[in-house]
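Next come the chains, spelled out residue by residue.
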Amino acid sequence: MGVRHGFTCTNCEYTCEVSGGKDRGMRSRTDTFVCKDCKIVQDIAINKEGADDKTINELCCEKCKGNNLELWGENIGRLSKPCPKCNATMKMTRPMNVMWD
Ligand SMILES: [Zn+2]
Ligand SMILES: [Zn+2]
């Protein structure tokens, strides 16, 4: 994993720590998805070394293993995102938390 950011909802208690979009780690690339069943945000690896990107239909939620996934706030930018719980705005709170695997 590369840079991760803390996001906090301005309305409810939900927080998450994710890259917030496409990211490149040592061995895989990730993107940030919402599971519409669990209503959680998570980074999911979209490819492994040397392999093609997976399509969204080939990915699964790490919690429920389903694939009711959608890219998180794809066209909104990195600083504010929709909360998966209540649809209010989530704001980036810790922009410089660097964690390398
Ligand atoms: Zn919320
Ligand atoms: Zn899920």
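Look up a bit, the structure's there.
Residues numbered from 1 in each chain as written. Chains lettered and ligands numbered in written order. Predicted model: local features only at pLDDT ≥ 70, side-chain atom pairs only at ≥ 80, totals over all residues.

A. Examining the overall build of the protein chain more closely. The helix and strand inventory of the protein chain stands at zero helices and eight strands. Element order for the protein chain, N to C, with α for helix and β for strand: β-β-β-β-β-β-β-β. Relative to the globule expectation of 13 Å for 101 residues, the C-alpha radius of gyration of the protein chain, 13 Å, shows essentially globular dimensions. Taken along its principal axes, the extent of the C-alpha atoms in the protein chain is 40 × 30 × 25 Å. Within the protein chain, buried positions represent 24% of all 101 residues. (Helix = DSSP H or I, 4+ residues; strand = E, 2+ residues; numbered from the N terminus. Rg over C-alpha atoms; globule rule 2.2 N^0.38 Å. Buried ≥ 20, exposed ≤ 12 C-beta atoms within 10 Å, placed from the backbone.)

B. Region of interest: the nonpolar core. Within the largest apolar cluster, 12 residues are counted, these being Phe7, Cys9, Cys16, Val18, Phe33, Val34, Cys35, Val41, Leu69, Trp72, Cys83 and Met90. If you list the elements that add at least two residues to this core, you get strand S1 (3-9), strand S2 (15-18) and strand S4 (28-35). Here this core takes three residues from S4, the largest share from any one element. Residues within four places of Met90 in sequence aside, it is in contact with Phe7, Thr8, Cys9, Ser80, Lys81, Pro82 and Cys83. (Core = buried A, V, L, I, M, F, W, Y, C linked by C-beta atoms within 7 Å. Contact = placed C-beta atoms within 7 Å.)

The analysis is restricted to geometry; functional conclusions fall outside its scope.
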